[in-house]
Amino acid sequence: MGEFFVNYGGIILGAFGVAVAALFAGIGSALGVGAAGEAAAGVVIEEPEKFGKSLVLQLLPGTQGLYGFVIGILILFRLDPSMSFSQGLLYLAAACPIGFVGLVSGKAQGKVAVAGINILAKNESQQVKGIIYAVMVEMYAILAFAISFLMMNNIVA
């Protein structure tokens, strides 16, 4: 078993990196989109004409999952059975920023999106403020995506 890990430890760690990026960011997005969807459904049942406006706020937390998916795919394309243990470890490290920030920010952005949907329900003319609040959380997911991308691209093959 030890020889197997010595020979294939790099690709195994790299594959864990793919999983970290896609799974954690995806979970954060699923939680955020789900929470916002519940709130939006409550508004739309009473005022169906607000569907489009509530959909914008519901979709915002979904971007973290997309960022994690992109980093995961980019790492996946670089995996090679002959890669070293240290390269695999570096790919795993590169996946961590978007994976973990995506998890937390997706969930947090969902909460902010719920608040924005409450703004939409009570004062439709102020809806843009709710969108701006949700986009503020998005900035941290974008920064984590950028760091993961830059880290991944600086790994010497």
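Residues numbered from 1 in each chain as written. Predicted model: local features only at pLDDT ≥ 70, side-chain atom pairs only at ≥ 80, totals over all residues. Heavy atoms only, no water.

A. Quick peek at the pattern of salt bridges. This model, assessed by the stated rule, comprises two salt bridges. Between Glu 124 and Lys 53 there is a salt bridge, with the nearest N and O atoms lying 2.9 Å from each other. Taken together, the positions of Glu 124 in the loop between helix H4 (85-122) and helix H5 (127-153) and Lys 53 in helix H2 (residues 51-59) put the pair 71 residues apart, joining distant regions of the chain. For Lys 53, a relative accessible area of 36% gives the class partly exposed. (Salt bridge = Lys/Arg side-chain N within 4 Å of Asp/Glu carboxyl O. Helix = DSSP H or I, 4+ residues; strand = E, 2+ residues; numbered from the N terminus. Buried < 20%, exposed > 50% of the residue type's maximum accessible area, 1.4 Å probe, protein only.)

B. Just the nonpolar core, in detail. One finds Ile 75, Tyr 91 and Ile 98 to be the most contacted residues of the largest nonpolar core, which totals 18 residues. Mapped onto this core, the elements with two or more residues apiece are helix H1 (2-46), helix H3 (63-76), H4 and H5. Each residue touching Ile 98, except ones within four places of it in the same chain, is listed here: Ala 21, Ala 25, Tyr 67, Gly 68, Ile 71, Leu 103, Ala 141, Ala 144, Phe 145 and Ser 148. Counting residues in hydrophobic clusters, the runner-up holds nine residues, among them Ala 36, Ala 39, Leu 57 and Leu 60. (Core = buried A, V, L, I, M, F, W, Y, C linked by side-chain atoms within 4.5 Å. Contact = heavy atoms within 4.5 Å.)

C. Examining the environment of Gly 102 more closely. Mapped onto the elements of the fold, Gly 102 is located in helix H4. For Gly 102, the residues in contact, after removing those within four places along its chain, are Phe 24, Ala 25, Gly 28, Gln 64 and Pro 97.

D. Summary view of the side chain of Glu 138. In this structure, Glu 138 sits in helix H5. An unpaired buried charge is present at Glu 138: no salt bridge exists, and Lys 111, the closest side chain of opposite charge, is 16 Å distant. In terms of polar contacts, Glu 138 uses its side chain to reach the side chain of Thr 63, at 2.5 Å. Not counting chain neighbours up to four residues away, the residues in contact with Glu 138 comprise Leu 60, Thr 63, Gln 64, Tyr 67 and Gln 109. (Lys, Arg positive; Asp, Glu negative; His and termini not counted. Polar contact = N/O pair within 3.5 Å; in protein donor to acceptor, adjacent residues only side chain to side chain.)

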